[in-house]
Amino acid sequence: MKTSLYNTLSWTWGIIMTIIGAIAAAVCMALGCKPQKHAGATYFVIGEGWGGVSLGCFFFCSKGANEHTKNHEFGHSLQNCIWGPLFPFVIAIPSAIRYWKFTTNAKKGIPNTEAYDDAWFEG
């Protein structure tokens, strides 16, 4: 997706999550975090050992996040461009529930029966 189309869709159809992301980005910058670029998105590194979260054309990931994690979060930002105001309900909430389930199982020593990216909205 061309960067101009990505930005146009993020700031129009996907405005809900992008505004939330812009507010989070402003807080990060006020706290001294430096914005970085990955594909067309702006991202910030915050904390350690937790993964990442996508908020419109911004995403936030933990220190040492690998390329897979960054690509994964960028993928959610593309989904925001496609799903727009439905994104929180169709993608974000199910993704958060899935993340919670996987991390809770890992803490309890319960094996997950499928790969994290096996869900259509995660892969």
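Report follows, based on the coordinates. Worth saying up front: this structure is predicted, and the values here are computed from it rather than measured.

Judged by nonpolar contacts, the single largest core of 20 residues is most densely connected at Y6, F44, F58, F59 and F60. Within the residue set of this core, elements represented by two or more residues are helix 2 (15–30), strand 2 (41–48), strand 4 (58–63), helix 3 (67–83) and helix 4 (87–108). Sort the elements by how many residues they give to this core and strand 4 lands first, with 4 residues. Those residues within four positions of F60 in sequence are excluded, and the remaining contacts are G21, A24, A25, C28, F44, I46, W50, G51, G52, V53 and L55.

Here helix 1 (residues 3–10) crosses helix 3 at 65 degrees, and the two axes come no closer than 8 Å. Viewed along their axes, helix 1 and helix 3 form a crossing whose handedness is left-handed. In this structure, helix 1 uses Y6, L9 and S10 to contact helix 3, whose residues at the interface are F74, S77, L78 and C81. For the contact of helix 1 with helix 3, the class distribution of residues is 5 nonpolar, 2 polar and no charged.

Before going further, it helps to examine the packing of aromatic side chains. A complete count under the given rule lists 7 aromatic pairs for this structure. Their ring planes at 90 degrees and their centres at 6.3 Å tell us that W11 and F58 sit as a pair that is edge-to-face. Of this pair, W11 sits in the loop between helix 1 and helix 2 while F58 sits in strand 4; the two residues are 47 residues apart in sequence, bridging distant segments of the chain. Between Y43 and F59, the ring centres sit 5.0 Å apart and the planes meet at 5 degrees, which makes this aromatic pair stacked.

Here the focus is a nonpolar patch on the surface. Among the surface-exposed residues, W11, I19, I23, V27 and L31 lie close enough to one another that they form a single nonpolar patch of about 520 Å² accessible area. Here V27 shows up in helix 2. Taking the relative accessible area as the measure of exposure, V27 reaches 45% and is therefore partly exposed.

Conventions and cut-offs
Each chain has its residues counted from 1, running along the sequence as written. Totals for whole chains, interfaces and linings use every residue, but because this is a predicted model, local features are given only for residues with pLDDT of at least 70 and side-chain atom pairs only at 80 or more, for both listing and counting. Side-chain measures here rest on the full set of heavy atoms in the structure, leaving out hydrogens and waters. We define the nonpolar core as a collection of buried residues of types Ala, Val, Leu, Ile, Met, Phe, Trp, Tyr and Cys that are connected through side-chain atoms lying within 4.5 Å of one another. Partly exposed describes any residue whose relative accessible area lies between the buried limit of under 20% and the exposed limit of over 50%, with all areas from a 1.4 Å probe on protein chains only and scaled to the type maximum. In DSSP terms, a helix is any run of H or I states spanning at least four residues, a strand is any run of E spanning at least two, and both are numbered starting from the N terminus. Whether two residues are in contact is decided by their heavy atoms, any of which lying within 4.5 Å being enough. For every element, the axis is a line fit to its C-alpha atoms; helices are fit only across the contacting stretch, and the angle between N-to-C directions ranges from 0 to 180 degrees. Crossings are sorted by hand: turned counterclockwise from the far helix by less than a right angle, the near helix makes the crossing left-handed, and turned clockwise it makes it right-handed. Classification convention: Asp, Glu, Lys, Arg as charged; Ala, Val, Leu, Ile, Met, Phe, Trp, Tyr, Cys, Pro as nonpolar; all other residues, Gly among them, as polar. Stacked, edge-to-face and tilted are the three classes for Phe, Tyr and Trp ring pairs, Trp counted by its six-membered ring, which pair at centre distances within 6.5 Å; planes under 30 degrees apart are stacked, over 60 edge-to-face, the rest tilted. Patch definition: residues with relative accessible area over 30% and no salt bridge; like charges joined within 9 Å; nonpolar side chains (Val, Leu, Ile, Met, Phe, Trp, Tyr) joined within 5 Å. For the accessible areas, the method is Shrake-Rupley and the probe is 1.4 Å, while residue cover comes only from the protein chains on display. Put simply, a salt bridge is a Lys or Arg side-chain nitrogen that is within 4 Å of an Asp or Glu carboxyl oxygen.

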